[in-house]
Amino acid sequence: MIDIKAHINNVALHHTIFDLPFAFMGAFLAAGGHPRVWDIVWIAVAITAGRAASLAADNLADLKYDRQQPRMQYRAMVSGRISRREAGIFIVLMLALMVAAVLQLQPICLYLLPVAAIPCLVYPFMKRVTGWVHYFLGLAIAMAPAGGWVGVTGQVEPPLLVLCTAVALWIGSFDAMYGAQDEAFDRAHGLHSLAVSYGAKNAFRIAAAGHVLCIVLFFALGILMGLGPLYYAGVAVAALTLVYQHRIVSPTDFSRVTQRYFMRNGIVSIAIFLFTWASFYF
């Protein structure tokens, strides 16, 4: 019997809060605030399925490390609720669903799909290679707004590149902070992170610089797209959220780095999308 709950746990379905809002934002911006309903539906299916396949593959690739990491014992594959074979079948099914959804969007999306898939396929192995692994994750997440935008227009335009860069810096910098708590474990197992390469203190400094730049880029996007005051209010909410996230943790104190802390980062994506949407209608 298939354990649906275990598979949902394995791909952390609730973490779509980090990419789906930006996928919708890309679609709304590309369509001038009025994307077709079915485009939104298929974009949601493609992004969710693609993300599920990518995260399942990531967990499969890291299984031997996760089994030794106390913080990961809750994961379905670590606890044995999902076998390697089941995970492999799940990945194939999700990839098939993603392709089926992409076929419903602009024709160019299918040709660009391999390009979008590269960061997702490469990311799980980059922690074995470079401390800048966090920004490969950011690039993978940035494929969500790219998919939303191109899914609607079939074009790659300068504002899209600004949006994708901002998203990549946002999630990559957050991951650098979140991952710094594993510095000792990563160092002991030959894995890489900014904390391992430069120390947790410098990793936090790099993350802070990345977050400042991402907010600057979100403001620049508003100027490029001629968006109204409500959009900038959303960017301000995102900026305040990031400031708060930086204030409550430090390189020497990870006591408040909880699941709640992790999920609070989703305020950034939700706020910017909702205020972007509102700027077209109010």
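First, a word on scope: everything that follows refers to the structure included in this document. (Residues numbered from 1 in each chain as written. Predicted model: local features only at pLDDT ≥ 70, side-chain atom pairs only at ≥ 80, totals over all residues. Heavy atoms only, no water.)

Next up on the list: a nonpolar patch on the surface. Together, Val-99, Leu-103, Ile-108, Leu-110, Tyr-111, Leu-112, Val-115, Val-156 and Leu-161 make up a nonpolar patch on the protein surface, roughly 820 Å² of accessible area in all. For the nonpolar patch, the leading source of residues is helix α7 (residues 108-126), giving five residues. Looking at where Leu-103 falls in the secondary structure, it is placed in the loop between α6 (84-102) and α7. (Patch = residues over 30% accessible without salt bridge, like charges linked within 9 Å, V, L, I, M, F, W, Y side chains within 5 Å. Areas by Shrake-Rupley, 256 points an atom, 1.4 Å probe, with all protein chains shown as cover. Salt bridge = Lys/Arg side-chain N within 4 Å of Asp/Glu carboxyl O. Helix = DSSP H or I, 4+ residues; strand = E, 2+ residues; numbered from the N terminus.)

Counted under the stated rule, the structure contains 18 aromatic pairs. Pairwise contacts between aromatic rings join Phe-18, Phe-22, Trp-170, Phe-174, Tyr-178, Phe-218, Tyr-261 and Phe-262 into one cluster. (Phe/Tyr/Trp six-rings, centres within 6.5 Å; stacked < 30°, edge-to-face > 60°.)

Once that is clear, we can look at the packing of helix α3 (residues 37-61) against α7. At a minimum axis distance of 9 Å, the contact between α3 and α7 shows a crossing angle of 25 degrees. Taken together, the axes of α3 and α7 are roughly parallel relative to one another. For the crossing formed where α3 meets α7, the hand is right-handed. Contact residues: α3 offers Ser-54, Asp-58 and Ala-61, while α7 offers Cys-120, Tyr-123, Pro-124 and Phe-125. Of the residues that constitute the contact of α3 with α7, the class distribution is five nonpolar, one polar and one charged. (Axes fitted to C-alpha atoms, helices over the stretch in contact; angles between N-to-C directions. Parallel < 35°, antiparallel > 145°, perpendicular 65-115°, else oblique. Left-handed = near helix turned anticlockwise from the far one by under 90°. Contact = heavy atoms within 4.5 Å. Nonpolar A, V, L, I, M, F, W, Y, C, P; charged D, E, K, R; others polar.)

Take the packing of α3 against α6 next. Two elements in contact, α3 and α6, have axes whose closest approach is 8 Å; the angle formed by their N-to-C orientations is 155 degrees. Considered as vectors, α3 and α6 are oriented roughly antiparallel to each other. Where α3 crosses over α6, the handedness of that crossing is left-handed. Of the residues in α6, those in contact with Trp-42, Val-45, Ala-46, Ala-49, Gly-50, Ala-52, Ala-53, Ala-56, Ala-57 and Leu-60 of α3 are Arg-84, Ala-87, Phe-90, Ile-91, Met-94, Leu-95, Leu-97, Met-98, Ala-101 and Val-102. Taken together, the residues of the contact of α3 with α6 break down into 18 nonpolar, one polar and one charged.

This brings us to the state of the cysteines. Summed over the entire model, instances satisfying the criterion amount to zero disulfides. Looking at Cys-109, it has no disulfide partner, and the nearest cysteine sulfur is the one in Cys-164, 13 Å off. On the accessibility criterion, Cys-109 (10% relative accessible area) is buried. The thiol of Cys-214 is not disulfide-bonded; the next cysteine sulfur, from Cys-164, is found 13 Å away. Its relative accessible area of 0% is what places Cys-214 among the buried residues. (Disulfide = S-S within 2.5 Å. Buried < 20%, exposed > 50% of the residue type's maximum accessible area, 1.4 Å probe, protein only.)

Ranked by internal contacts, the top residues of the largest apolar core, which has 81 residues, are Met-25, Trp-170 and Phe-218. Here the element with the most residues in this core is helix α9 (residues 158-179); it accounts for 14 residues. In contact with Trp-170, not counting residues within four places along its chain, are Phe-18, Phe-22, His-211, Cys-214, Leu-242, Asn-265, Val-268 and Ser-269. (Core = buried A, V, L, I, M, F, W, Y, C linked by side-chain atoms within 4.5 Å.)

A separate point is the pattern of salt bridges. Any two side chains of opposite charge can pair, given that their charged atoms come close. Counting across every chain of the model gives five salt bridges. Of the charged contacts in the structure, one is a salt bridge between Asp-62 and Arg-128, with a shortest N-O distance of 3.3 Å. Highlighted residues: Asp-62 in the loop between α3 and α4 (63-66) and Arg-128 in the loop between α7 and α8 (133-153), separated in sequence by 66 residues. Connected through shared salt-bridge partners, Asp-62, Lys-127 and Arg-128 make up one network.

End to end, α7 covers 28 Å across 19 residues, agreeing with the expected 27 Å (1.5 Å per residue, within 8%). Taken as a whole, α7 carries its principal kink of about 30 degrees at Pro-114. Those residues of α7 that sit buried are Cys-109, Leu-113, Pro-119, Tyr-123, Pro-124 and Met-126. Elements that come into contact with the buried residues of α7 comprise α3, α6, α8 and α9. (Expected span 1.5 Å × (residues − 1). Bend = angle between axes of the 7 residues up to and from the residue.)

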